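Coordinate inspection notes
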Amino acid sequence: MTTDLVIDVRNVTKRFGGLLAVNDCSLSVRRGSITGLIGPNGAGKSTLFNMVAGNIVPDSGQVIFDGADVTGMKPYQLFRIGMLRTFQIAHEFSQMTALENLMMVPGDQPGEHLLDTWFRPGLVKSRETAVRKKALDVVDFLKLGHVRNELAGNLSGGQKKLLELGRTMMVDAKVVLLDEVAAGVNKSLLNDLASNIERMNRELGYTFFVIEHDMDLIGRLCDPVIVMAQGEKIAEGPMAEIRANPQIVEAYFGSPAEVVS
Ligand SMILES: Nc1ncnc2c1ncn2[C@@H]1O[C@H](COP(=O)(O)OP(=O)(O)OP(=O)(O)O)[C@@H](O)[C@H]1O
C-alpha cells in the first residue's frame, strides 16, 4: 500500500515516571518532504523522535510507517523496511576505505554466507559487482570520489558526515531521520552537507525527518516545520510562518532574536 504519509504518528504518549514527556501527540511526515521538528529544550522532540525510530516504545498511541503499524518495532527491523536514522553518532569503520564502508551497508549479501561462496560463486560475484557500482555512484553523487580509497578513519569530520549520509543511499530508504546534523559541524561544511540533503530530496526524491537546533539550517531545508512544546505539537507550517508568529516566538523561544537570527 502506498500512502502520501511516510510517517504518521497518532496520539502517542510517553511518561518517564511522573513526567509527561510526550502528551497525546500526533504529527506526520509527507512523502517527498523535508520535515523539521523544533521546539525549546525539554519539549519532547527527542522522545518523539525516539518513538518513531523504535528506540522508545510509546505508552499509548501508534506509529504508522508507510501505511503499516510499526509501534514497538526495533530500530534494526525498521532499517530493513526503509526507515534509516543517522548522524547521532558517526559510525564509520575506520580501518576500511570509504568505498568499503558504503559496500557494507546493504547487508545479507550472498558472500556473507560461507556455503554461497563455495557453491554459488557467480551469484556472490554479481551481487558484489552491483553493490560496488552502487557505492561508486554514491561517492560520485556526494563528490567523494577523490577519497573513495582512503581509510574512513583518515577522512575529515565533514567527509565522515557525508559518508554517513551516503550510507543511507545504499539501501532503499523510504525516510531518513536526521538527528542533529549540524552538531559540531563548521559553517562551510554544513553548507556542503545541506546542499547534498537538498539534492537527495530534489533530484532523488528522498524524504527526510529532521530534528535540529540550528534554526538557519531548519529554515533552509525544511518545509513544513513542526513545533513542539511541553510534549505537544503546537504549530506546523513553513519556517517563515513560524518565525512570523509572535506567540510562538515569545512563548517558546524566549526572545524573537533567537529565532530570527
Ligand atoms: N530517559 C528519560 N528519563 C527521564 N526523563 C526523561 C528521559 N528522556 C527525556 N526525559 C525528560 O522528558 C522531557 C522531554 O525530553 P526530550 O529530550 O524529549 O526533549 P527535547 O525537546 O528533545 O529537548 P532537547 O532539545 O533539550 O534535547 C524532558 O523533561 C526530559 O528531562
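Residues numbered from 1 in each chain as written. Predicted model: local features only at pLDDT ≥ 70, side-chain atom pairs only at ≥ 80, totals over all residues. Heavy atoms only, no water.

**Some thoughts on the packing of aromatic side chains**
Applying the stated criterion across every chain yields a total of two aromatic pairs. For the ring pair Y206 and F208, a centre distance of 6.2 Å and an interplane angle of 25° mean the geometry is stacked. Across the pair, F208 and Y206 agree in class, each one buried. Over the aromatic face of F141 sits the side chain of R199, whose NZ or CZ is 4.0 Å from the ring centroid. (Phe/Tyr/Trp six-rings, centres within 6.5 Å; stacked < 30°, edge-to-face > 60°. Buried < 20%, exposed > 50% of the residue type's maximum accessible area, 1.4 Å probe, protein only. Lys NZ or Arg CZ within 6 Å of the ring centre and 35° of its normal.)

**Here we look at the pattern of salt bridges**
Close approach of charged atoms lets side chains of opposite charge pair. This structure, assessed with the given rule, holds nine salt bridges. Note that R31 and D66 form a salt bridge whose closest N and O atoms lie 2.7 Å from each other. Taken together, the residues span a long stretch of sequence, with R31 in the loop between β2 (19-30) and β3 (34-38) and D66 in the loop between β4 (60-65) and β5 (68-69) at a distance of 35 residues. Overall, R31 belongs to the partly exposed group, its relative accessible area being 32%. D66 sits in the buried class, given a relative accessible area of 14%. Taken together, the shared-partner salt bridges connect R31, D66 and K174 into one network. (Salt bridge = Lys/Arg side-chain N within 4 Å of Asp/Glu carboxyl O. Helix = DSSP H or I, 4+ residues; strand = E, 2+ residues; numbered from the N terminus.)

**Notes on the sheet that holds strand β6 (residues 83-86)**
Across a sheet, paired strands are connected by hydrogen bonds in the backbone, their directions being either parallel or antiparallel. Here we have six strands laid out as an open sheet, ordered β6-β7-β8-β3-β9-β10, and mixed in their pairing. Looking at the sheet topology across the chains shown, the edges are occupied by β6 and β10 (232-237). Neighbour to neighbour, the strand axes of the sheet diverge by 20° on average, direction disregarded. Across four bridges, β3 lies against strand β8 (residues 208-211) in parallel orientation. From the neighbouring strand, G36 faces β8, where its bridge partner is V210. The strands that helix α6 (residues 157-168) touches are β6, β7 (175-179) and β8; relative to β6, the one it contacts most, it runs at about 175°. Packed onto the sheet, helix α7 (residues 187-204) meets β3, β7 and β8 and runs at close to 150° relative to β8. (Pairing = 2+ DSSP bridges. Axes fitted to C-alpha atoms, helices over the stretch in contact; angles between N-to-C directions. Contact = heavy atoms within 4.5 Å.)

**Focus: the sheet that holds β2**
Strands sit in the order β2-β1-β4-β5 across an open sheet of four strands; the sheet is antiparallel. In this open sheet, the two strands that pair with only one neighbour each are β2 and β5. In the sheet, strand β1 (residues 5-16) pairs with β4 via five bridges, with the strands oriented antiparallel. The residue of β4 that forms the bridge with T13 is S60. Along the sheet, helix α1 (residues 45-53) makes contact with β1, β2 and β4, crossing β1 at roughly 120°.

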